[in-house]
Amino acid sequence: LRVTNNGAEPIEFTAALHNYINCSNVEKVRVFGLDNSKYMDRLDGDKEKDEPDDMGSGVAVTEETDRIYTNIENEVVVFDSGKLHVLTIRKTPTLPDTTLWNPFGSDGCDSGWKNFVCVEAAVISTPAVVAPGETWTGAQLFGLDI
């Protein structure tokens with residue numbers, strides 16, 4: 001993602017690269033790299049909460065989830081124990097946040113909710129600012145081990 005400011009005033013924005021990751025069953029997915037961090041719970045008025053140490057087991061999606069993890073390392077790993085797939089998402093430091101989302105069968109959601117999880121590189125908690133004449137770049141790279 002590249003944003004160039006051709007104007008005379010700084011611009012401010014937020015962004016998330018929406019990755020819908022196919023999985024065997026969302027309940028068999030664990031996300032590594034989010035433990036011991038803070039997140040904004042979108043389902044609880046953006047209240048800031050702490051993700052405890054997962055003791056190496058990864059963060060699980062066991063209910064409707066819509067979170068923005070702040071200041072996350074540049075690599076997050078998604079493990080699907082049903083498919084035995086490991087997906088590594090590497091992101092640039094300009095995307096310091098990571099979202100985790102799945103509707104988990106909430107009212108009105110698509111019937112395919114069991115077979116995806118969204119893990120998104122993002123800049124949300126502190127909006128990006130681009131000065132006049134400057135360009136901001138954010139990128140991610142995927143690696144899949146099967």
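Refer to the preceding data block for the structure.
Here the structure is a predicted model, which means the values were calculated and not measured.

Parameters at a glance
Residues numbered from 1 in each chain as written. Predicted model: local features only at pLDDT ≥ 70, side-chain atom pairs only at ≥ 80, totals over all residues. Heavy atoms only, no water. Phe/Tyr/Trp six-rings, centres within 6.5 Å; stacked < 30°, edge-to-face > 60°. Helix = DSSP H or I, 4+ residues; strand = E, 2+ residues; numbered from the N terminus. Buried < 20%, exposed > 50% of the residue type's maximum accessible area, 1.4 Å probe, protein only. Pairing = 2+ DSSP bridges. Contact = heavy atoms within 4.5 Å.

The subject of this paragraph is the packing of aromatic side chains. All told, the structure shown has 6 aromatic pairs when counted by the stated rule. A ring pair is formed by Y20 and W101, whose centres lie 6.0 Å apart and whose planes are at 75°; its orientation type is edge-to-face. Note that Y20 is positioned in strand β3 (residues 20-22) and W101 in strand β11 (residues 97-102), a separation of 81 residues in sequence. Overall, the relative accessible area of 54% leaves Y20 in the exposed class. With a centroid separation of 5.1 Å and an interplanar angle of 45°, the aromatic rings of Y39 and Y69 are classed as tilted.

Moving on, we come to the pairing of strand β4 (residues 29-32). For a regular strand, side-chain orientation follows a simple rule: the groups alternate between the two sheet faces. Because side chains alternate across β4, one face comprises the buried residues V29 and V31, and the other comprises R30 and F32, none of which is buried. Relative to strand β9 (residues 75-80), β4 is paired through 4 bridges, and the arrangement is antiparallel. Within β9, the residue paired with V29 across the bridge is D80. In the sheet, β4 pairs with strand β7 (residues 59-60) via 2 bridges, with the strands oriented antiparallel. Bridge pairing in β7 links R30 to A60.

Here E64 shows up in the loop between β7 and β8 (65-69). Residue E64 is classed as partly exposed on the basis of its relative accessible area, which comes to 36%. When the C-alpha positions of E64 and S111 are compared, they lie 14 Å apart, and in sequence the two are 47 residues distant. With near-sequence residues (within four places) excluded, E64 lies in contact with L43, N102, P103, F104 and S106.

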